[in-house]
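Below are the chains, spelled out letter by letter.
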Amino acid sequence: MLVACGMQRCHQEALKKNRVMLAKQLVLKELMEHMIEKDIITMEMMEMIQAKPGSFSQNVEFLNLLPKRGPNAFSAFCEALRETKQEHLEAVIVKTTSNLSYGIARLEHCYGSDLPFPARESYNSKKPRWTEPIEHSLDNQDGPPVPLVKYCTPEFYNDHQHLAYKLISEPRGLALILSNVHFSSEKDLEYRAGGDVDCTSLEILFKHLGYQVTVFHDQTAQEMETALERFSKLPDHRDVDSCIVALLSHGMEGGVYGSDGKLLQLQEAFQLFDNANCPNLQNKPKMFFIQACRGDETDRGVDQRDGKEWSDSSGCEESDANKEENVKLRLPTCSDMICGYACLKGTAAMRNTKRGSWYIEALTSVFAEESRDTHVADMLVKVNRQIKEREGYAPGTEFHRCKEMSEYCSTLCQDLYLFPGYLPGK
């Protein structure tokens, strides 16, 4: 079964049908301050919008961004219109929304539930079923067993350790997993079926790689921020060689959702671990893995030219300076980090309700098999390859043969080998 949630399609359609009118009449200056206060857009987004020449171009940029800002964006926009004395614009889009919702209800009454709209795992019959995806789930058989990690040989360690980060502490480092699968009932964020599979798989993988793992489930955005801040300030980081943070939830570009439907901004999370805020991890590799959508666009894929007719798929599947002489060595504020994302900016991530997400399944498989003799950046390239070859199977829906593409970004300064199982002198 496909799962889809986010800004409701009728809300998106209402904005689309009134796009020219809004682009001409919308007064953004004060309204954007209200949208920041409501945690819908960020200061950086407002600056990006204001950089456009003229009010029309700024309004168009805002209207392009709004549908990607989650399930609460439409109601917050309407409220901000009232607060900035633009009730006439709110009245127009609300009336359009009402007409669209009525049309969908009539279609369902006439044709039943066989419409090719994404179905929801937790369906509330009082709400329209036509919604945009934040994360898609495709059903299949039971989840796969977590593969065993293959250990590094002493010979490989001796041949490669001189060009790599020091990674021989016991434990290798501390790992934190924040996994949200249940969300408050008043928010349009669906239960993440298969999310527990991801969490368990990563916990086992990180332990097999030699990490001390802490897991928190179903945290609000504030609880997530608090957990990350406390984790970043643990004195034990001083005695280990690395750290891992994994965030598993619904999300959008630049943020992941807490169980209360509020956003945790990723940039704020990353800053907790930079060289200024986390001195105990200076010059040590810090790994982040984000399993969450970064937008609501489904990658439809394209036909490969002169290539294989079909993608490999496992069947049904559910975003220079002058030198100075200093006594202390200076460091850039942010370095020695690598972050893997399940999908590209603006796109949705795929999840199987039994096997877990495509990305975490590929990540655990590759890291278990390859970490004995492959550094992390190269392993993430292999994860990308697996994701590229995977394809959704949902006949009769818009998600049939859908695709996903993962990516990573890095400020690592050396090769990052995990050297699993190797302990000097033992």
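On a predicted model such as this, the values are computed, not experimentally measured, just so you know.

### Let's talk about helix H9 (residues 195–208)
Counted at 1.5 Å a residue, the expected span for H9 with its 14 residues is 20 Å, and the 20 Å between its end C-alpha atoms agrees. Taken from the residues just after H9, Gly210 is the one with a positive phi, measuring 100°.

### Points about the packing of helix H12 (residues 358–370) against helix H13 (residues 376–389)
Running from N to C, H12 and H13 cross one another at 135°; their axes reach a closest spacing of 9 Å. The angle between H12 and H13 places the two elements in the oblique class. Where H12 crosses over H13, the handedness of that crossing is right-handed. For the pair H12 and H13, the contacting residues are Trp358, Tyr359, Ala362, Leu363, Ser365, Val366, Phe367 and Glu370 in the first and Val376, Met379, Leu380, Lys382, Val383, Gln386 and Ile387 in the second. Taken together, the residues of the contact of H12 with H13 break down into eleven nonpolar, two polar and two charged.

### Structural notes on the nonpolar core
Counting 49 residues, the largest nonpolar core has Phe206, Tyr211, Phe367 and Leu418 as its most contacted members. When residues in this core are grouped by element, the largest group, eight residues, is from H12. When neighbours within four sequence positions are excluded, Phe367 is seen to be in contact with Leu205, Leu209, Phe289, Val376, Met379, Leu380 and Leu418. Counting 28 residues, the second largest nonpolar core, distinct from the first, contains Leu26, Met46, Phe74 and Leu81.

### Topic: the confidence of the model for the protein chain
Caution is warranted with low-pLDDT regions, since their predicted coordinates should not be read in detail. Model confidence for the protein chain is summarised by a mean pLDDT of 81, while 78% of its residues fall at 70 or above. Counting contacts from residues 103–136, a segment whose pLDDT is below 50, to residues more than four positions away or on other chains yields 93 contacts. Scored below 50 in pLDDT, residues 309–327 shows 52 contacts in the model against residues more than four places distant or in partner chains.

### Looking at the pattern of salt bridges
Inspection of the entire model under this criterion finds 13 salt bridges. Close ionic contact of Arg294 with Glu253 constitutes a salt bridge, the shortest N to O distance being 3.3 Å. Of this pair, Arg294 sits in the loop between strand S8 (286–291) and strand S9 (337–341) while Glu253 sits in the loop between strand S5 (251–252) and strand S6 (255–257), and the two are 41 residues apart along the sequence. Under the relative-accessibility criterion, Arg294 is labelled buried at 7%. A relative accessible area of 26% places Glu253 in the partly exposed class. Note that Glu361 and Arg390 form a salt bridge whose closest N and O atoms lie 3.1 Å from each other. Here Glu361 is found in helix H12, whereas its partner Arg390 is found in the loop between H13 and strand S12 (407–410), with 29 residues between them in sequence. The burial state of Glu361 is the same as that of Arg390; both residues are buried. Put simply, Lys38, Glu79 and Glu83 are held in one network by salt bridges that share partners.

Definitions and cut-offs
- Residues numbered from 1 in each chain as written.
- Predicted model: local features only at pLDDT ≥ 70, side-chain atom pairs only at ≥ 80, totals over all residues.
- Heavy atoms only, no water.
- Helix = DSSP H or I, 4+ residues; strand = E, 2+ residues; numbered from the N terminus.
- Expected span 1.5 Å × (residues − 1).
- Axes fitted to C-alpha atoms, helices over the stretch in contact; angles between N-to-C directions.
- Parallel < 35°, antiparallel > 145°, perpendicular 65-115°, else oblique.
- Left-handed = near helix turned anticlockwise from the far one by under 90°.
- Contact = heavy atoms within 4.5 Å.
- Nonpolar A, V, L, I, M, F, W, Y, C, P; charged D, E, K, R; others polar.
- Core = buried A, V, L, I, M, F, W, Y, C linked by side-chain atoms within 4.5 Å.
- Buried < 20%, exposed > 50% of the residue type's maximum accessible area, 1.4 Å probe, protein only.
- pLDDT = per-residue confidence, 0-100.
- Salt bridge = Lys/Arg side-chain N within 4 Å of Asp/Glu carboxyl O.

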